[in-house]
Amino acid sequence: MYPKDLRYSTEHEWAKVEQRRVRVGVTKFAADKLSDVVFVELPQVGAQVTYMEPFGVIESVKAVSDLYAPVSGRVVEVNTSLSEAPEVVNTDPYGRGWIILVEPKDLKELDKLMTAEQYLKAIGEDPE
Amino acid sequence: MSAKDFPVIVELSTPGRVGFSFPEPDVPERPIERLLPVDQIREAPPGLPEVSELDVVRHYTRLSHRNFSIDEGFYPLGSCTMKYNPKIHEETAALPGFRRLHPYAPAEEAQGALQLMWELERALAEVSGMDRVTFQPAAGAHGELTGMLMVRAYFAARGEKRTKVIVPDSAHGTNPATAAMVGYQVITVKSDSRGNMDVRALRQAMDESVAAIMLTNPNTLGLFEESIVELEEIVHGRGGQMYLDGANFNAMLGMTRPGDQGFDVMHMNLHKTFTTPHGGGGPGAGAVGIRSHLTPFLPVPVIEKEGDLFRLDDARPQSIGKIRAFYGNFGNLVRAYTYIRTMGADGLRQIAETAVLNANYMLARLRGRFDLPYDRVCKHEFVLAGTRQKKRTGVTTRDMAKRVLDYGFHAPTIYFPLIVEEAIMIEPTETESKRTMDEFVDAMLAIDRETQDNPDLVRSAPHTTPVKRLDEVRAARQPDLRWKTRP
């Protein structure tokens, strides 16, 4: 449920290093809590995002929440398919439900994020 | 219920049917081309439904029967203060001198209406501890916008550049939305374990870049902010403004005044606390009260009294301008005025006392069978959690809320405030009898039992309403907002 190769933020985003870029989405925990996601407001490609500041909005039938950037940098790609099928955030949060791809200013920033083990502890779930 | 059971008014249309008949004109008819410029004349007539008066009356009366209102049953919708609207309001609001008054009537011919607004302003200033009150905003969120525009104008006039607004994580969603709309960056401060704003977190977040804090008191958990004095010192100590979301003013009337708690600006939902209609029956009325240092920024016009005469003052150079046509929802000002005058000062205090007593009575009966993350003496409402039920058989708060409808009540507010998981927010208001509250509590206890004995019954609720469980997800993902001819 919480892949070991990802890093996790306190606001329930995951970050995955792909070559020199960082793919970002929300965790299974966040997707479950939100319940059915109905809309994701994406930033423009080229926009600057800042570590732990809002870069977009995610809306479910239950709540509207800000999306926080787990890393600072420039947005190089956004998942435009979410406008047609926001439900993939629920069904495949670490795969087709990704949200943005960032060219980070400093990859070391990711060290500030939690490991899968730490994240599981933070959300009160058993690592097993 | 199918579309056939409930056609839209357009589908009732019969070509040529009319609901009126005009007498023959007693002046010569002239072709429309001689009266209007060509580019302003329609090429085809508008697609209005062609129906008779009786068609219209039946259609909308039938629709109204599908509605649920406070006149029909208990409506414990937390945070919304769905209390009874006394019928005497309709008599005063219908007085011809008020009802037939033209909004363009000159001030000298509208003295009665202006006097009513002036006296209502004085009354609301008195109960809120504010200095002036504007009635322009159409409802609560519009009141927030008006209040925060005045805050922004205040700092602009002082030459201060402040860029942030602080809201608690329990805030109504309109608070951060308002702050963002006015151009501020929103900073969220977490609540502490007792459901208060975390004083230490506020102290950390507060500095000279913060324009204001937007608080609700009692907050959305129905709890009084125990550290309000300290919060006020922290915010004012750094030169910030205190905004009160007055949605829960009902719990405070005659007991304590926001102005005395240090708030600089607040909105009052006349359609909640002061019993003007709302919940589909609106329109609302979002009066905004301010302390005197914000007076120059009030929207225009402002009513002033000179001797025995009232006049409308538009010449206010620092005003944020006009934020709505004319003077707000005037009919509702008449209703709010009527309410305050019929209740009197003692009556207003009794409203708060009884609202708080009622909420605590219901809480006492429900505590133990539902989770209660912030277990304190509540004010006018309280927030339970359906976590126990969800853990037991997977029945969610949403399922239980739908099941409430089968028992003949409006559902409580659910999934708000966001800091409570599976939240169930109940506000009885002071106008409900012990009997009604007992009936509702009995229903909640019965539903709790059903979640164990017959969870499918709850999961598939409602069973007795004309419309069953709606597909909210599809409605949000693929909204169908425009009527089209059905194939």
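Residues numbered from 1 in each chain as written. Chains lettered and ligands numbered in written order. Predicted model: local features only at pLDDT ≥ 70, side-chain atom pairs only at ≥ 80, totals over all residues.

Peer 1: Can you walk me through the pairing of strand 12 (residues 423-426) of chain B in this structure?
Peer 2: Looking along a regular strand, one sees side chains alternate from face to face of the sheet. All names here are of chain B. Residue alternation in strand 12 divides its side chains into two sets, Ala423 and Met425 and Ile424 and Ile426, and both sets are buried. Across four bridges, the pairing between strand 10 (residues 382-385) and strand 12 is antiparallel. Counted as the bridge partner of Leu384 is Ile424 from strand 12. (Buried ≥ 20, exposed ≤ 12 C-beta atoms within 10 Å, placed from the backbone. Helix = DSSP H or I, 4+ residues; strand = E, 2+ residues; numbered from the N terminus. Pairing = 2+ DSSP bridges.)

Peer 1: What exactly am I supposed to notice about the nonpolar core here?
Peer 2: The nonpolar side chains of a soluble globular protein tend to be buried, and buried together. Core analysis: the biggest nonpolar cluster contains 107 residues, and Met150, Val165, Met214, Tyr243, Val265, Leu333 and Ala336 of chain B have the highest contact counts within it. At 14 residues, helix 9 (residues 330-366) of chain B tops the list of elements feeding residues into this core. Setting aside residues no more than four positions away along its own chain, Tyr243 of chain B makes contact with Gly147, Met148, Val151, Ala212, Ile213, Met214, Val265 and Met266 of chain B. In this structure, Val26, Val38, Val49 and Leu82 of chain A belong to the second largest nonpolar core, which totals 32 residues. (Core = buried A, V, L, I, M, F, W, Y, C linked by C-beta atoms within 7 Å. Contact = placed C-beta atoms within 7 Å.)

Peer 1: Just checking my understanding: could you explain the sheet that holds strand 2 (residues 13-18) of chain A for this structure?
Peer 2: Strand pairing in a sheet relies on backbone hydrogen bonds, with the paired strands running either antiparallel or parallel. Residues and elements named next belong to chain A. Across the sheet, which stays open at both edges, the six strands sit in the order 1-2-3-9-8-5 with antiparallel pairing between neighbours. The open sheet has two free edges, formed respectively by strand 1 (7-8) and strand 5 (48-49), since each of these has just one partner strand. In this structure, strand 3 (residues 21-26) lies alongside strand 9 (residues 100-104), joined through three bridges in antiparallel fashion. Counted as the bridge partner of Arg23 is Leu101 from strand 9.

Peer 1: Any chance you could explain helix 4 (residues 111-128) of chain B here in plain terms?
Peer 2: Turn by turn, an α-helix covers 3.6 residues, leaving residues three or four places apart pointing in a common direction. All names here are of chain B. With 18 residues, helix 4 extends 25 Å between its outermost C-alpha atoms, agreeing within 8% with the 26 Å of an ideal straight helix rising 1.5 Å per residue. In the core, the buried residues of helix 4 are packed alongside helix 3 (96-99), strand 1 (132-134), strand 6 (265-269), strand 7 (286-290), strand 8 (302-306) and helix 9. Looking one or two residues beyond helix 4, the residue adopting positive phi is Gly129, at roughly 75°. (Expected span 1.5 Å × (residues − 1).)

Peer 1: Teacher, can you tell me more about the packing of helix 5 (residues 140-158) of chain B against helix 6 (residues 174-181) of chain B here?
Peer 2: Pairs of packed helices are described in terms of their axes, by the angle between the two and the distance that separates them. Residue and element names in this part refer to chain B. Two elements in contact, helix 5 and helix 6, have axes whose closest approach is 9 Å; the angle formed by their N-to-C orientations is 40°. Considering their axes alone, helix 5 and helix 6 lie oblique with respect to each other. The two elements helix 5 and helix 6 cross, and the hand of that crossing is right-handed. Residue-level contacts link Gly140, Ala141, Glu144, Leu145 and Met148 of helix 5 to Thr174, Asn175, Thr178, Ala179 and Met181 of helix 6. Taken together, the residues of the contact of helix 5 with helix 6 break down into five nonpolar, four polar and one charged. (Axes fitted to C-alpha atoms, helices over the stretch in contact; angles between N-to-C directions. Parallel < 35°, antiparallel > 145°, perpendicular 65-115°, else oblique. Left-handed = near helix turned anticlockwise from the far one by under 90°. Nonpolar A, V, L, I, M, F, W, Y, C, P; charged D, E, K, R; others polar.)

Peer 1: What is the right way to read the domain arrangement of chain B from this model?
Peer 2: Quite often, the size of an interface is put as the accessible area lost when its parts meet. Each domain of chain B was delimited in the assignment, giving domain 1 (9-65), domain 2 (88-343) and domain 3 (348-475). Relative to domain 2 of chain B, the C-alpha centre of domain 1 of chain B lies at a distance of 42 Å. (Domains from an automatic or database assignment.)

Peer 1: Whenever I open this one, helix 5 of chain B confuses me. Can you help?
Peer 2: For helix 5 of chain B, which comprises 19 residues, the first-to-last C-alpha distance of 27 Å matches the rise-based estimate of 27 Å (1.5 Å per residue) to within 8%. Remark: Gly159 of chain B follows helix 5 of chain B within two positions and exhibits a positive phi of approximately 70°.

Peer 1: I tried to follow the environment of Arg477 of chain B on my own but got confused; where do I start?
Peer 2: When you line up the elements, Arg477 of chain B lands in helix 14 (residues 472-477). Look at Arg477 of chain B and you get partly exposed, because 17 C-beta atoms sit within 10 Å. Ignoring any residue separated from it by four or fewer positions in sequence, one finds Arg477 of chain B in contact with Val38 and Pro86 of chain A.

Peer 1: Is there a simple way to think about the sheet that holds strand 7 (residues 64-68) of chain A in this case?
Peer 2: Residue and element names in this part refer to chain A. Spatial ordering of the open sheet is given by 4-6-7, a layout of three strands whose pairing is antiparallel. The outermost strands of the open sheet, each flanked by one partner alone, are strand 4 (37-41) and strand 7. Direction aside, the axes of adjacent strands within the sheet are offset by 25° on average. Inspection of the sheet shows strand 6 (residues 54-60) paired to strand 7 by five bridges, in the antiparallel sense. Of the residues in strand 7, the one forming a bridge with Gly56 is Leu67.

Peer 1: Explanation requested: the packing of helix 4 of chain B against helix 9 of chain B in the structure shown.
Peer 2: Residues and elements named next belong to chain B. Packing of helix 4 against helix 9 brings their axes to within 10 Å, and their N-to-C directions diverge by 45°. As summarised for this structure, helix 4 and helix 9 are arranged oblique, according to the angle between their axes. Relative to helix 9, helix 4 is oriented so that their crossing is left-handed. Along the contact surface, helix 4 presents Ala113, Leu116, Met117, Glu119, Leu120, Ala123 and Val127, while helix 9 presents Phe330, Leu333, Val334, Ala336, Tyr337, Ile340 and Leu348.

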